[in-house]
Amino acid sequence: MKKIILLLSLVLSASISLCAQINALSIPDATIAAGKSIDLPIMLDNSADVVAVQFNIQLPNGFSFTTNRAALTERTEGFSVRIKQMTNQNYLVVLYSPTNQPIKARTGAIITVPLTAASTLQDSTVHTPVLSNVIIGAPDASNIFTHCQAGSFTISASADIMVSDVTINTATITPKDTVNIAYTIANVSAADIPATGWTEYIYLENQQGKRKCIATLHHQATLQQNQTITRNVQVAVPDILTL
């Protein structure tokens, strides 16, 4: 039996226009409270088939990844992901298809990685990661990378939201199922969440702790301080779970 874990983060999505021969890696702007964690999406916009992605990311001081909790998304079903900490702040990320199958669709997140901000970071400060050594691999093993863009991480107490009372309409989940999920979201921060809203990532997790993101939802609404809302969503389970 697989259990559902719902994780949310406040992520301001960076827009990148697609045009001919664009194969771009990006990290969106994100807002995070000191001492808290979010699931940071790694985005890929590709106009050609891609079967592998590799890059280094230098995190700002005070930030860290939980490397063994990286998760695939709907676009990378059947892929393998490995993250290795090279130095204190530098991480090597490798995503590849064992069967040389292309990444699905042409835009959106390919993995999510838990990002933690140290409790010592000051409110309202802005920190920028650095992407380097990017390889975007085509089926013929050529590197078709065109450019990359890293957003910034803003420390803000207003980034603190909490999820509770998660319920699902079934005790077991199998491939190709459609499941109904209900949950409560509370703004437990010191400020209102603006109308730009937040992004929700819904994960399946097996008993060994391996996770897979099966849905990415953006909810555009204001959530006042101490306000709660109930969300009811319907999620399609992938054909192959690889958990």
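Thresholds applied
Residues numbered from 1 in each chain as written. Predicted model: local features only at pLDDT ≥ 70, side-chain atom pairs only at ≥ 80, totals over all residues. Heavy atoms only, no water. Core = buried A, V, L, I, M, F, W, Y, C linked by side-chain atoms within 4.5 Å. Buried < 20%, exposed > 50% of the residue type's maximum accessible area, 1.4 Å probe, protein only. Helix = DSSP H or I, 4+ residues; strand = E, 2+ residues; numbered from the N terminus. Contact = heavy atoms within 4.5 Å. Pairing = 2+ DSSP bridges. Axes fitted to C-alpha atoms, helices over the stretch in contact; angles between N-to-C directions. pLDDT = per-residue confidence, 0-100. Phe/Tyr/Trp six-rings, centres within 6.5 Å; stacked < 30°, edge-to-face > 60°. Lys NZ or Arg CZ within 6 Å of the ring centre and 35° of its normal. Salt bridge = Lys/Arg side-chain N within 4 Å of Asp/Glu carboxyl O.

(A) Geometry of the nonpolar core. If you look at the biggest cluster of nonpolar residues, it comprises 37 residues, and the most contacted ones within it are Phe 55, Ile 57 and Phe 63. With five residues, strand 11 (residues 109–117) is the largest single contributor of residues to this core. Ignoring any residue separated from it by four or fewer positions in sequence, one finds Phe 55 in contact with Leu 25, Ile 42, Tyr 91, Leu 92, Val 93, Leu 131, Ser 132, Asn 133 and Val 134. Of all hydrophobic cores here, the second largest spans 16 residues; its members include Ile 185, Trp 198, Ile 214 and Leu 223.

(B) Highlighting the sheet that holds strand 16 (residues 161–168). With respect to topology, three strands assemble into an open sheet ordered 16-17-20, the strand pairing being antiparallel. Edge strands, defined here as strands with exactly one partner in the open sheet, are strand 16 and strand 20 (228–236). The sheet shows a mean angle of 25° between the axes of neighbouring strands, taken without regard to direction. Pairing geometry for strand 16 and strand 17 (residues 178–187), over six bridges, is antiparallel. Considered in strand 17, the bridge of Met 162 is made with Ala 186.

(C) Examining the confidence of the model for the protein chain more closely. Across the protein chain, the average pLDDT comes to 88, with 90% of residues at or above 70. Every residue in residues 1–19 is under pLDDT 50, and counting partners more than four places away or in other chains gives 70 contacts.

(D) Focus on the sheet that holds strand 10 (residues 90–96). The strand order across the open sheet formed by four strands is 9-10-6-13, and the pairing between neighbours is antiparallel. Looking at strand neighbours, the two that pair on one side only are strand 9 (80–85) and strand 13 (130–137), the edges of this open sheet. The sheet shows a mean angle of 10° between the axes of neighbouring strands, taken without regard to direction. Sheet topology places strand 9 next to strand 10; six bridges connect them, and they run antiparallel. Each residue of the ladder has a partner; that of Gln 85, found in strand 10, is Tyr 91.

(E) Inspection of the packing of aromatic side chains at higher detail. All told, the structure shown has two aromatic pairs when counted by the stated rule. Relative to Phe 153, the ring of Phe 63 lies with its centre 5.3 Å away and its plane at 50°, an arrangement referred to as tilted. One end of the pair, Phe 63, is in strand 7 (residues 63–65); the other, Phe 153, is in strand 15 (residues 153–155), and 90 residues separate them in sequence. A single burial state applies to Phe 63 and to Phe 153, both of which are buried. Just above the ring of Tyr 203 sits the side chain of Arg 211; from NZ or CZ to the centre is 4.2 Å.

(F) A look at the pattern of salt bridges. Across all of its chains, the model carries five salt bridges by this definition. Between Arg 211 and Asp 39 there is a salt bridge, with the nearest N and O atoms lying 3.3 Å from each other. In this pair, Arg 211 sits in strand 19 (residues 211–219) while Asp 39 sits in strand 5 (residues 37–46), placing the two residues 172 residues apart along the sequence. Since its relative accessible area comes to 4%, Arg 211 is described here as buried. Among the ionic pairs, Asp 49 bridges to Arg 106, the shortest N-O distance being 3.2 Å.

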